[in-house]
There are 2 protein chains.
Amino acid sequence: MSDVSVLGLGLMGSSIAHTLIDKGYSVTVWNRTTEKAAPLTAAGGKAAFTAVEAVESSPITISVLVDSSALVECLGDDIDLTGRTIVNLATGTPADARELEQWVTKRNGLMLSGTISAYPKDIGTPVGGVNYAGPIELWNRNAEMLLALGGLSGHVGEVITDASTLDLSMLIFYMSSIAAFQEAVVFAEAFGVSPDRLVEFVRPGLPVLEREVDETVRRVESGDYTTDEATIGTFHHCMDLVWKASATIAARPIISSAARELFALGVSEGRANEIPSGAVPLLRQIRDRSQHS
Amino acid sequence: MSDVSVLGLGLMGSSIAHTLIDKGYSVTVWNRTTEKAAPLTAAGGKAAFTAVEAVESSPITISVLVDSSALVECLGDDIDLTGRTIVNLATGTPADARELEQWVTKRNGLMLSGTISAYPKDIGTPVGGVNYAGPIELWNRNAEMLLALGGLSGHVGEVITDASTLDLSMLIFYMSSIAAFQEAVVFAEAFGVSPDRLVEFVRPGLPVLEREVDETVRRVESGDYTTDEATIGTFHHCMDLVWKASATIAARPIISSAARELFALGVSEGRANEIPSGAVPLLRQIRDRSQHS
């Protein structure tokens, strides 16, 4: 028996397996194409011939396969997971995590669902982070090994979807904001303003953005969206000016016209005088209406 | 003669006129409805009967009317602006600033175009800011008075459109990012994660966002979009997962599906392996194609 098995030996899976070997665990590895196992057996790992054999070699298996359906496919529906723990680190939706948990539970296994916020080179270092969701006692039992994958790792919730939900929510904010900055760069340069001049104006806004994020949380908790400062109407007016100006330079304002659309919906739903966080109950209304249509 | 005239006595115009009176300037004011001038004449200002009379009372006129066409309308095409300076502080597009400058120049006047980044209560305080664009010698001649409107004020460029360009570009980033966070809140809560738990995950990302903004500027300057870290393909994959997950909860991912669309365009244009700042040349391509179609 090994301490742990690792399925999937891409850059990330290999880094995880190497880290666990380095930290003194006995590790069994498996990959669809066997040559990727060679550096790991050279480092002291054991190679399994099949994914099923790998899972049966250890009480706990970490899957770094491309997604949860790849895991189901290579284990097969007949596998018995009694007493075994699967830690799925494939990026996926909350629904993917829930479905896989049902599949594992049906086969008497236990599961944690994790998301990786680290580059392969950061795994096992203080700046590497893996967030895990699932039953707390299952986490406690395996925490020492799982925390070894990086200093910023932790248990984020008992509900199996929590890691994926937090990861995707954070990425909605982060990736959309980066896209918005890219659009701002192209807008500015079309009117003769270079990116380095623009960034001087954007940088002082970052602490304001943090305050706005905190303010949104407070407003959603209190349900009070009144304000005597900038409103949904103000935001809509500004994004409308952007939209008009973009038309004059033949630019396609992909992100800012989505923001314009959101705040225009706010105006048409009678929320023009609310603080911009009033977009939260607006988006809930839209969701609730679609659920019932 | 007064030192300065102020057109438009809404909350902002009144605050500007009061500030100038408080700082010892002689001020003439005008508003379409005359009762708004009363508190200012009580404070020592002079009221003009028409906008034209107000402009003719001072070497420099600050317009805080709703937009530049309101200014043109109340001055009339026959006005002679020889030797007079118009400082337009109405929010508008770069094209609005350019058009108004042509209109003023044709009537022998001079013009600065400004954008206000302050609430009325901040005008005249260290945290009030007005950014001005226009000829540097015109700025130098009037800087003392214009800087009196707030400690964060300054001259941002000689091109008349610079203030509006910087303002709208900054708002593309800032308002779209806030909208993205609002969407993230609604996404997270649909999967049982509360806003205060989400914000714990978003807050550590803010310094990363700042680094990403700086990195984008460096990449656009160098034209090198190669990377061995997260790519346009990664960003597209993540936003695609968000899109799928949003469908399961009947949510309408307005901002994140715009980001998904942008990065999907990047993938289909062969930029999947580029750093996300590769969206900048992509958006330029899209713009250039529309200009020629």
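Rules behind the numbers
Residues numbered from 1 in each chain as written. Chains lettered and ligands numbered in written order. Predicted model: local features only at pLDDT ≥ 70, side-chain atom pairs only at ≥ 80, totals over all residues. Heavy atoms only, no water. Least-squares fit on C-alpha atoms with pLDDT ≥ 70 in both. Contact = heavy atoms within 4.5 Å. Helix = DSSP H or I, 4+ residues; strand = E, 2+ residues; numbered from the N terminus. Expected span 1.5 Å × (residues − 1). Buried < 20%, exposed > 50% of the residue type's maximum accessible area, 1.4 Å probe, protein only. Axes fitted to C-alpha atoms, helices over the stretch in contact; angles between N-to-C directions. Parallel < 35°, antiparallel > 145°, perpendicular 65-115°, else oblique. Left-handed = near helix turned anticlockwise from the far one by under 90°. Nonpolar A, V, L, I, M, F, W, Y, C, P; charged D, E, K, R; others polar. Core = buried A, V, L, I, M, F, W, Y, C linked by side-chain atoms within 4.5 Å. Domains from an automatic or database assignment. Buried area = accessible area lost by both parts, 1.4 Å probe. Salt bridge = Lys/Arg side-chain N within 4 Å of Asp/Glu carboxyl O. Polar contact = N/O pair within 3.5 Å; in protein donor to acceptor, adjacent residues only side chain to side chain. Pairing = 2+ DSSP bridges. Right-handed = clockwise from strand over helix to strand, strands pointing away.

Re the relation of the copies chain A and chain B
Thinking step 1. Mapping chain A onto chain B is achieved by rotating through 180° and translating by 0.0 Å along the same axis, at an RMSD of 0.1 Å. Taken together, the rotation and translation describe the operation of a two-fold axis. In terms of proximity to the rotation axis, the leading residue of chain A is Ser177(A), whose C-alpha is 2.4 Å off the axis.
Thinking step 2. Interface residue correspondence from chain A to chain B reaches 100%, placing this contact among same-surface, isologous pairings.

Some words on the environment of Gly76(B)
Thinking step 1. Take Gly76(B): it is sitting in the loop between helix 4 (68–75) and strand 5 (85–88).
Thinking step 2. Gly76(B) sits 63 residues away from Gly13(B) along the chain, and the two C-alpha atoms are 21 Å apart.

Section: helix 5 (residues 94–106) of chain B
Residue and element names in this part refer to chain B.
Thinking step 1. Relative to the 18 Å expected for 13 residues at 1.5 Å per residue, helix 5 spans 19 Å between its end C-alpha atoms, a close match to the ideal helical length.
Thinking step 2. Three or more residues of helix 5 are buried, namely Pro 94, Ala 95, Ala 97, Leu 100, Trp 103 and Val 104.
Thinking step 3. Looking at the residues trailing helix 5, positive phi occurs at Asn 108, about 65°.

A short note on helix 9 (residues 205–222) of chain A
Thinking step 1. A rise of 1.5 Å per residue sets the reference length of helix 9 of chain A, with its 18 residues, at 26 Å; its end C-alpha atoms lie 25 Å apart and thus fit the reference within 8%.
Thinking step 2. Among all positions in helix 9 of chain A, only Gly205(A), Leu206(A), Leu209(A), Glu212(A), Val213(A), Asp214(A), Thr216(A), Val217(A), Arg219(A) and Val220(A) are buried.
Thinking step 3. Looking at the packing, one finds that the buried side of helix 9 of chain A touches helix 7 (162–190), helix 8 (195–202) and helix 12 (279–292) of chain A together with helix 7 (162–190), helix 8 (195–202) and helix 9 (205–222) of chain B.
Thinking step 4. Directly beyond the C-terminal end of helix 9 of chain A, a positive phi value near 75° is found at Gly223(A).

A short note on the packing of helix 7 of chain A against helix 7 of chain B
Thinking step 1. Taken N-terminus to C-terminus, the directions of helix 7 of chain A and helix 7 of chain B make an angle of 165°; their axes are 8 Å apart at the nearest point. In terms of axis orientation, helix 7 of chain A runs roughly antiparallel to helix 7 of chain B. Of the two elements, helix 7 of chain A crosses helix 7 of chain B, and the hand of that crossing is right-handed.
Thinking step 2. Residue classes in the contact of helix 7 of chain A with helix 7 of chain B are distributed as 16 nonpolar, 8 polar and 2 charged.

A word on unusual backbone geometry
Thinking step 1. Of note, the phi angle at Asn108(A) is positive, near 65°, even though the residue is not glycine.
Thinking step 2. By the secondary structure assignment, Asn108(A) is in the loop between helix 5 (94–106) and strand 6 (110–116).
Thinking step 3. We classify Asn108(A) as exposed; its relative accessible area is 51%.
Thinking step 4. Phi is positive for Ala250(B), which is not a glycine, with a value near 60°.
Thinking step 5. Following the sequence through the fold, Ala250(B) ends up in the loop between helix 10 (232–248) and helix 11 (254–268).
Thinking step 6. What makes Ala250(B) buried here is its relative accessible area of 18%.

Observations regarding the nonpolar core
Thinking step 1. Ranked by internal contacts, the top residues of the largest apolar core, which has 104 residues, are Phe181(A), Leu209(A), Phe181(B) and Leu209(B).
Thinking step 2. Those residues in contact with Leu209(A) that sit more than four places away from it in its chain are Phe173(A), Phe173(B), Tyr174(B), Ser177(B), Ile178(B), Leu206(B) and Leu209(B).

Section: the domain arrangement of chain A
All names here are of chain A.
Thinking step 1. For chain A, the assigned domains are domain 1 (4–159) and domain 2 (165–292).
Thinking step 2. In this structure, domain 1 and domain 2 have C-alpha centres spaced 38 Å apart.
Thinking step 3. The partner domain 2 presents 4 residues to the 5 residues of domain 1 that form the contact.
Thinking step 4. Its largest share of buried area at the contact with domain 2, domain 1 owes to Pro 94, Thr 115 and Val 156, together 64% of the area lost on that side.
Thinking step 5. Applying the counting rule to domain 1 against domain 2 returns 0 salt bridges.
Thinking step 6. Where domain 1 touches domain 2, the interface holds 0 residue pairs in polar contact (both at pLDDT 80 or more).

Let's talk about the packing of helix 10 (residues 232–248) of chain A against helix 11 (residues 254–268) of chain A
All names here are of chain A.
Thinking step 1. Taken N-terminus to C-terminus, the directions of helix 10 and helix 11 make an angle of 140°; their axes are 8 Å apart at the nearest point. Considered as vectors, helix 10 and helix 11 are oriented oblique to each other. In this structure, the crossing between helix 10 and helix 11 has a hand that is left-handed. Counted together, Ile 232, Gly 233, Phe 235, His 236, Met 239, Asp 240, Val 242 and Trp 243 of helix 10 and Ser 256, Ser 257, Ala 259, Arg 260, Phe 263, Ala 264, Gly 266 and Val 267 of helix 11 form the full contact between these two elements.
Thinking step 2. Tallied by class, residues from the contact of helix 10 with helix 11 come to 9 nonpolar, 5 polar and 2 charged.

Considering the sheet that holds strand 6 of chain A
All names here are of chain A.
Thinking step 1. Taken together, the 8 strands give an open sheet; going across it, the order is 3-2-1-4-5-6-7-8, and neighbouring strands pair in mixed fashion. The open sheet is flanked by strand 3 (46–47) and strand 8 (154–157), the only strands paired with a single partner.
Thinking step 2. Relative to strand 2 (residues 27–30), strand 1 (residues 4–7) runs parallel, the two sharing 4 bridges. From the neighbouring strand, Val 4 faces strand 2, where its bridge partner is Val 27.
Thinking step 3. Contacts from helix 5 reach strand 5 (85–88) and strand 6, with the element oriented near 155° to strand 6.
Thinking step 4. Contacting strand 1, strand 4 (60–63), strand 5, strand 6, strand 7 (130–133) and strand 8, helix 6 (residues 136–147) runs over the sheet at an angle of about 50° to strand 6.

Focus on the pairing of strand 6 (residues 110–116) of chain B
Residues and elements named next belong to chain B.
Thinking step 1. Of all 7 residues that make up strand 6, 5 are buried, and the element is covered over most of its length.
Thinking step 2. One ladder, built from 4 bridges, connects strand 5 with strand 6; its direction is parallel. Directly across from Asn 88, in strand 6, lies its bridge partner Ser 113.
Thinking step 3. Handedness of the strand 5-helix 5-strand 6 crossover: right-handed.

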